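Each chain is listed here by its residues.
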Amino acid sequence: MELTRREFLEISLKLSAIAGTGVALGGCGLPVQSALVSQLKMPEYRLPGEPRWFATTCGDCGAGCGVAVKIIEGRAKKIEGLPTHPISRGKVCSQGHSALQDLYNPDRLPGPLGRQGDKLAPLKDWKEAVTLLGKQLQKGMEKPGATLWVTGPLRGTTGALVAAIAQKVGARIWVLDFPGLQSERAAMKALTGHANLPDLSLQDSDFVVNFGGDFLGAGCSPVRDNWAYGEFRQGKGRNIVLLLSLSPRLSLTSANSDQWIPVRPGSEGWIALGVGNLLSKSKRTPWPEWAGRVSLKTISQVSGVSEERIRKLARKIEAAEKPLVVGGFDSAACTNGVWSQWVIQSLNRLLSGRVNACEPDLLVPLSIEEKIPSNLLISGRAALDGLKRGAFHTVWFLGANPLYLLPKDLEMEKAMEKIESCAAFTPCLNETAAKVELVLPTVSWLEEWGDQRIVLSQGGGLYCLRQPVVMERSGGKSLAEILLSAISGQAILKGKSLYDLLRSRFTTLEWETALTRGGLWDEAPLDWEHYGVAPLYPPPPVPLRKRLPKGLNPWDGLPAVSFKEARKAAFSGEGKVLIPYPSLTLGDGSLANRPWMQELPDPMVTTLWTHWVELHDSVAEESGIERGDVVRIVSEAGSIEAPAFPSPGIHPDCIAVPVGQGHTSYGRYAQRGANPLTLLKSQWQEGTGEPAWISTRVRIEKTGKKQRMSTMDHRVSLLERRVLPE
Amino acid sequence: MEAPEEILWKRIKITALGLFCFLVVFSFFLPMWLARVKAQPIAFSHARHAGVRQISCVFCHTGVLKGDMAGVPSVKDCMQCHQVVRPDSPEVQKIQEHWDKGTPIEWFKVYNLPQHVHFSHRAHVSKGIECKTCHGDLTHMDVVRREVDLNMGKCVSCHRENKAPDDCTICHR
């Protein structure tokens, strides 16, 4: 029989399909043959496939959580909390867990880069990079005060090293941090004389009033504060306790409160003032005389909270045995943020006679004999003024990313054009690093030595040691090592490494103990002199001033009022107040290149891999905006687009957008979404000289576009369903 | 009597079925065949090391006494001897090349269990089970071949003979 062409093709195709199926079926269920890769060098203690756990301290924030890192054949596989550590107590937050993705990030720079024209190209080797860096340093030293270092938070011995080297080379330091704790520190300094942070001893309280803070979410020690919150609610011997939150938006902490009262941003301090006025009549602790001139009626108009509600709050606080008031970002980031925090902590002093302070982020000198000079650190305002005037010839960016964080109208990029030489120290190429002459890749905290000294309230404290748990696997080096190499030509800390500085403080037994436990702590107060820290506690009492301290003006915020004009000027201005809050998953944007953090649903909105704008249900209904509608948020400084998330969890006078997305550089995972900080019309915060993050009014426009938001909830607005009374 | 076309179709179907069966069987046995004959990157001889030189298995496969995996010696371990022992041999020079470049050696794994099976070398070695029980007598093998087929029946029989636990979760967890 003769086959036609069609029949031949049909038969061939059928046979091929059968053959393919046969191969596939045959291949199923077989052991996968894999390569057996030998190590290059294997220490005797290392077993193939067997994990070993090493204690260290997480370096992602200043909380100092002790963690154990699981190492298999020299590779870090998992991070868990150290069960015996007083801060972490066996837990670690999502940020700490995801630090592995800093280690294995494919966008880590493989080596130092130097500018060639308008591009950055790999340098020959680290020797060349350090030589260039040394030249920049030398040039900067020729004119004292013409060098500026822009850093993230400076902690522990690494921070002390940076400060010591900066002093010797005549550099000034600007600590750029979002959201930063400058308001809280400035307020505590005015109140106690020490620029520490207020201690959240939740576990010792029975009634906590939270003015704008988010200690369960984006606080400065979330793991410890969550433990303290657990003790607060369910600790041994606890009776009924209450947490009340007053803030413009429903943060994670507000959502866990027994009651959330929405208030206008910037008015939290006013409410605290009103409560203090009411309570001062029955308390022995003095209260500022000028405060009494502010009437409850004024406070009610400014805040939008009724007088009766404020009185009720005061009665509840008075009835509590151990009340505690706390502040935080929503109140601290306004232009009157320092004043708000000052009033809140003054209220604590009124209630308990003292202000408990702690210090999770301690910048100390290298040794107890030295001091950090007061003019070493400068404010953002002073730094930018200097940059614009061309006063700084050499600028180094030590982990800071001002081109992402700063409002555009501050024109940081333009100011950088006046810099003669600049360098950036970063593991991945961020926006700022993309514009400099020299980029030095740094390493993950899993690969370097370090420490943190954490002072808890009333004398307790701990020393947290960080050890490298893996060898440096990319082409980066630790910041300390780079700086010490750069200054090797100078007579500063000659021959010392960061390891030498750490090791020299301890006996062998102490060192071994610190390595195996992740640090040193004890029931008795630590010998702080031994660790180069002057004792800080208890803070000495400061006489109460009759006049309002300098720099603490309540009327620099929203609204711009004086005591006399408060009634008229409450929140004048068109548009909604923009709250660019630190994302619970992406922080200040530095975590945006970790896909685990992008994948993590926001605990409040439950969406992922995107940004959004929260606005009140009534505002959305009025404008005909539904969930997922893409709206344009417009300010005087610019505009961004974002999908809308109507919610009852925000004051109708505000909208909120999380910070973290919107990178234009920083790797393949981070370049998505929009950055709300670009909308800010810059205002400087009185008392700190840093940007006031909550200070801009915006308007919302519909674009007609829609974006499907992946959320894990199926909430139907309770207002829509008329379940709750309006 | 069948029409010629029908006979042709019948033959085509039989051929297709035969091809199918062949490919299934071939694919099933291909990895085993590869395990027997695929060359290693370096012609390491167990016969010379474990047989002639009588080097103990544990000298190189240090993990058997302490952990689940036996492991293979690191490049450094090989170089400890071979920087002086026959450094001019072409195969030893391959190891030297790996050491100089800082690259590991990718051996072809001959004895491998499916991922759903948990096996601990320490549990067996500590009970006196000899290596050759599962791996064959390697002292006579220049090239390691899978001479012992490790299937579940073999494992369960040995467990029962030696009064070891034969609960499912011992191995499947």
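So, how was this worked out
- Note on numbering: residues in each chain are counted from 1, in written sequence order.
- Each chain gets a letter, beginning with A, and each ligand a number, beginning with 1, in the order they are written.
- Reporting of local features is limited, given that this is a predicted model, to residues whose pLDDT is at least 70; pairs of side-chain atoms are given and counted only at 80 or more, and all residues count toward the totals for whole chains, interfaces and linings.
- Side-chain measures were taken over the full set of non-hydrogen atoms in the model, leaving aside hydrogen atoms and water.
- A strand pair is defined by DSSP finding two or more bridges across the two strands.
- Strands here mean DSSP runs of E at least two residues long; helices mean DSSP runs of H or I at least four residues long; both are numbered from the N terminus.
- Inter-axis angles, ranging from 0 to 180 degrees, are taken between N-to-C directions of lines fitted to C-alpha atoms, where helices are fitted over the stretch in contact.
- In this scheme, roughly parallel covers angles under 35 degrees and roughly antiparallel covers those over 145, while 65 to 115 is roughly perpendicular and the rest are oblique.
- Crossing handedness is defined as follows: a turn of the near helix away from the far one that is anticlockwise and smaller than a right angle gives a left-handed crossing, while the clockwise case is right-handed.
- Contacts are assigned to residue pairs with any non-hydrogen atoms lying within 4.5 Å of each other.
- Residue polarity is assigned by list, with Asp, Glu, Lys and Arg as charged and Ala, Val, Leu, Ile, Met, Phe, Trp, Tyr, Cys and Pro as nonpolar; anything else, Gly included, falls into the polar class.
- Nonpolar cores were defined as sets of buried Ala, Val, Leu, Ile, Met, Phe, Trp, Tyr and Cys residues, with membership established by side-chain atoms within 4.5 Å.
- Accessibility here uses a 1.4 Å probe with only protein chains present; expressed as a share of the type maximum, an area under 20% marks a residue as buried, one over 50% as exposed, and anything in between as partly exposed.
- By this rule, a helix spans an expected 1.5 Å times one less than how many residues it contains.

K.L.:
What am I meant to see in the sheet that holds strand β2 (residues 51-57) of chain A here?
P.N.:
The strands making up a sheet associate through hydrogen bonds between their backbones, and the pairing can be parallel or antiparallel. Residue and element names in this part refer to chain A. Strand order in this open sheet of 3 strands is β2-β3-β4, and the pairing throughout is antiparallel. Strands at the two margins of the open sheet, each flanked by one partner only, are β2 and β4 (75-81). Geometrically, the sheet is characterised by an average inter-axis angle of 30° between neighbouring strands, direction not taken into account. Relative to strand β3 (residues 66-72), β2 is paired through 7 bridges, and the arrangement is antiparallel. When the sheet's bridge partners are listed, Trp-53 is paired in β3 with Lys-70.

K.L.:
In this structure, what is going on with the packing of helix α9 (residues 268-280) of chain A against helix α10 (residues 296-303) of chain A? I would like to understand it.
P.N.:
All names here are of chain A. Put simply, α9 and α10 touch, their axes get as near as 9 Å, and they point 155° apart. Accordingly, the angle class assigned to the pair α9 and α10 is roughly antiparallel. For the pair α9 and α10, the crossing hand works out as left-handed. Contacts from Trp-270, Ile-271, Leu-273, Gly-274 and Leu-278 of α9 reach α10 at Leu-296, Thr-298, Ile-299, Val-302 and Ser-303. Residue composition of the contact of α9 with α10, by class: 7 nonpolar, 3 polar and no charged.

K.L.:
I'm lost on the nonpolar core in this one. Help?
P.N.:
The tendency in soluble globular proteins is for nonpolar side chains to be buried as a group. Residue and element names in this part refer to chain A. In terms of nonpolar packing, the biggest core is built from 64 residues, with Leu-148, Trp-174, Leu-387, Val-395, Phe-397 and Ile-633 touching the most fellow members. For this core, the element with the most residues is strand β25 (residues 654-659), which contributes 5 residues. When sequence neighbours within four positions are dropped, the list of residues in contact with Trp-174 reads Leu-148, Trp-149, Val-150, Thr-151, Ile-378, Ser-379, Gly-380, Ala-383, Leu-384, Leu-406 and Glu-690. Residues Ala-129, Ala-166, Leu-479 and Phe-506 belong to the second largest nonpolar core, which totals 43 residues.

K.L.:
When you look at unusual backbone geometry in this model, what are you seeing that I'm missing?
P.N.:
Excluding glycine, residues mostly have negative phi values, and the peptide bonds linking residues are mostly trans. Residue and element names in this part refer to chain A. The omega torsion across Phe-178 and Pro-179 is -5°, close enough to zero to call that bond cis. Within the secondary structure, Pro-179 is located in the loop between β8 (171-175) and α6 (182-192). Its identity as a non-glycine residue notwithstanding, Glu-411 has a phi of 55°, on the positive side. Tracing the sequence through the fold places Glu-411 in the loop between α15 (402-405) and α16 (412-416).

K.L.:
Looking at this structure, how should I read helix α7 (residues 222-234) of chain A?
P.N.:
In an α-helix, one turn spans 3.6 residues; hence positions three or four apart end up facing the same way. An ideal rise of 1.5 Å per residue puts 18 Å on 13 residues; α7(A) measures up with 18 Å between its terminal C-alpha atoms. All of the buried residues along α7(A) are Pro222(A), Val223(A), Arg224(A), Asp225(A), Ala228(A), Tyr229(A) and Phe232(A).

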